[in-house]
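Examination of the molecular architecture
The primary structure of each chain is shown beneath.
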Amino acid sequence: MSDRADKKFYLETFGCQMNVHDSEKVIGTLISEGYRQVPTVEEADLVLYNTCSIRDKAEQKVFHRLADYKKFQKQGKVFGVLGCVAQQEGEKIFERAPHVSMVCGSASYRNLPQMLVQIEAGNRHVTGLDDRQTDECFETEFTSRTNPHRGYITIIEGCDKFCAYCVVPFTRGKERSRTSDSVLAEARQMADLGYTEIQLLGQNVNSYKDPAGKMSFAELLAAVGQVAGIRRVRFTTSHPRDFGKDIVEVIDAVQTLCDHVHLPVQSGSTRVLDAMQRLYTRDQYLERIAWMKSAKREISLTTDIIVGFPGETEAEFEETLSLLDAVEYDGVFSFKYSPRPNTPALNLEDAIPDGEKARRLTVLMERQRDIQKRRNQRHIGQCLEAMVEGKNETRAQWNGRTSQNKVLNFVVPDGITPTIGGYASVEITGSFPNSLLGQMMV
Ligand code: SAM
Ligand code: SF4
């Protein structure tokens, strides 16, 4: 590769919000090292994939992408695999995709500058795989955020929960939190730059433990919510075991905290939850839901569910359906169980055939669609605040999100142009299972 001044990189991200934000930090780091980001593989000298291995499909996508672009190696392009597939497959990636020169897990991103030096020196097998036991987070002043109004802050990395089906503890390493001082400094910096919405991130964001011992998670939420200029604070993903009443109390007390909680349940059956090693029962989960339902503000609830975990009986699946009815979520991300390397669930018997998993998924999605249709109808006639995200020219509608994180499409009176990133008051005139419709009020 030639001089740094004209080094160009392309980066594609797969997977969750944590990966999206990691990529913003990786991009910022590369730019600070003198590289320039380009929008296509064709223009790049260095091609990076930030990968996800949560389910088999996500992992296969990355290998397909690598195969598609192998032809570019002849032109001298250098390929790197970052993130969860990199950590999980390690040096095996060099055998499976010999045109790859760098393999780096997320716990090693701090070492990227040194790794770039090795790549530039012509090293064809550069690795960052040995940092999963680190206590340090990837903190950088060079985050390249893509949205100028709404931004992420990772407050806790890794995971120590070891659910029986999940690769994350193996790919992202042990749980480690940033100090509350450092999180608040970043939040203030973002507010100074004009950000009004902050989303705090962590695989289990509410397992946050301030290494300086100053603040609990709920106190940190309140403090971020009180940063001057910040109008909305979100946080994801919460783990039911670590979900305390203090989180509900702080949502009630601090208006800038959004009235939405994503609390993955995974299954409605205590027997399956135990086999999943989720560390709570159905009743304990429902107790947390009851706290939220008795809050002063109406808190919107969403969740993640896995169907077809090994040994899940029809009756246990029905328990998940009955939990949907009991909670009445505003949104559900549902997945067919996907067997993953290294995880204890691989050794469980009674795998559910793929066709049956697909059937359960369809049944669950249909049941949930009816719930959402019903729940969204009750917003009709209300006036909700939307953060304006953009305009759909064909439909002549603007779009945004409510505090509850619902998609809101709306029309505006003649002569008015809402500001992207600004806030609009919208009267709700219609509803669908996955969105609301309204008219901007002036
Ligand atoms: N830490 C969060 C929690 O405990 O709920 C979730 C993080 S995980 C990246 C996101 C979701 O992927 C999980 O909630 C789960 O529903 C799903 N998931 C994880 N492993 C899976 C697997 N092996 N098969 C299917 N879905 C899986
Ligand atoms: Fe995976 Fe469980 Fe950790 Fe969530 S809590 S990241 S599902 S191991």
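Quick caveat: nothing in here was measured; it's all calculated off a predicted structure.

Residue placement: Y152 occurs in strand β7 (residues 150–154). C-alpha of Y152 to C-alpha of L273: the two residues are 121 residues apart in sequence and 30 Å apart in space. Each residue touching Y152, except ones within four places of it in the same chain, is listed here: Q17, V20, H21, E24, R145, E186, M190, Q199 and L201.

In the vicinity of ligand 1 there are 17 residues, among which Q203, Q266, R278, D304 and S338 approach most closely. Taking D304, its side chain carries an N or O atom lying 2.6 Å from an oxygen atom of ligand 1. Elements represented by at least two residues in the shell around ligand 1 include exactly β13 (300–307) and β14 (331–336). Here the residues of the shell around ligand 1 are counted per class, giving six nonpolar, six polar and five charged.

This paragraph deals with the pattern of salt bridges. Under the defined criterion, the tally for this structure stands at 35 salt bridges. Notably, a salt bridge pairs R172 with D22, separated by 3.2 Å at the nearest N-O pair. On the criterion of sequence distance, the pair formed by R172 in helix α6 (residues 168–172) and D22 in helix α1 (residues 17–32) is long-range, its members being 150 residues apart. The class for R172 is buried, based on a relative accessible area of 4%. With a relative accessible area of 5%, D22 lands in the buried category. The partner of R232 in a salt bridge is E385, and the shortest N-O contact between them spans 3.5 Å. One end of the pair, R232, is in strand β11 (residues 232–236); the other, E385, is in strand β15 (residues 383–392), and 153 residues separate them in sequence.

Attention now goes to helix α5 (residues 112–120). Among all positions of α5, only L112, M115, L116 and I119 are buried. Relative to the axis of α5, the buried residues are bounded by an arc of 105° and lie together on one face. On the buried face of α5, the contacting elements are α1, β3 (46–51), β4 (78–83), β5 (100–104) and β6 (126–128). In the stretch just after α5, G122 is the one whose phi turns positive, near 95°.

What counts and how
Residues numbered from 1 in each chain as written. Chains lettered and ligands numbered in written order. Predicted model: local features only at pLDDT ≥ 70, side-chain atom pairs only at ≥ 80, totals over all residues. Heavy atoms only, no water. Helix = DSSP H or I, 4+ residues; strand = E, 2+ residues; numbered from the N terminus. Contact = heavy atoms within 4.5 Å. Near = heavy atom within 4 Å. Polar contact = N/O pair within 3.5 Å; in protein donor to acceptor, adjacent residues only side chain to side chain. Nonpolar A, V, L, I, M, F, W, Y, C, P; charged D, E, K, R; others polar. Salt bridge = Lys/Arg side-chain N within 4 Å of Asp/Glu carboxyl O. Buried < 20%, exposed > 50% of the residue type's maximum accessible area, 1.4 Å probe, protein only. Arc of directions from axis to C-beta.

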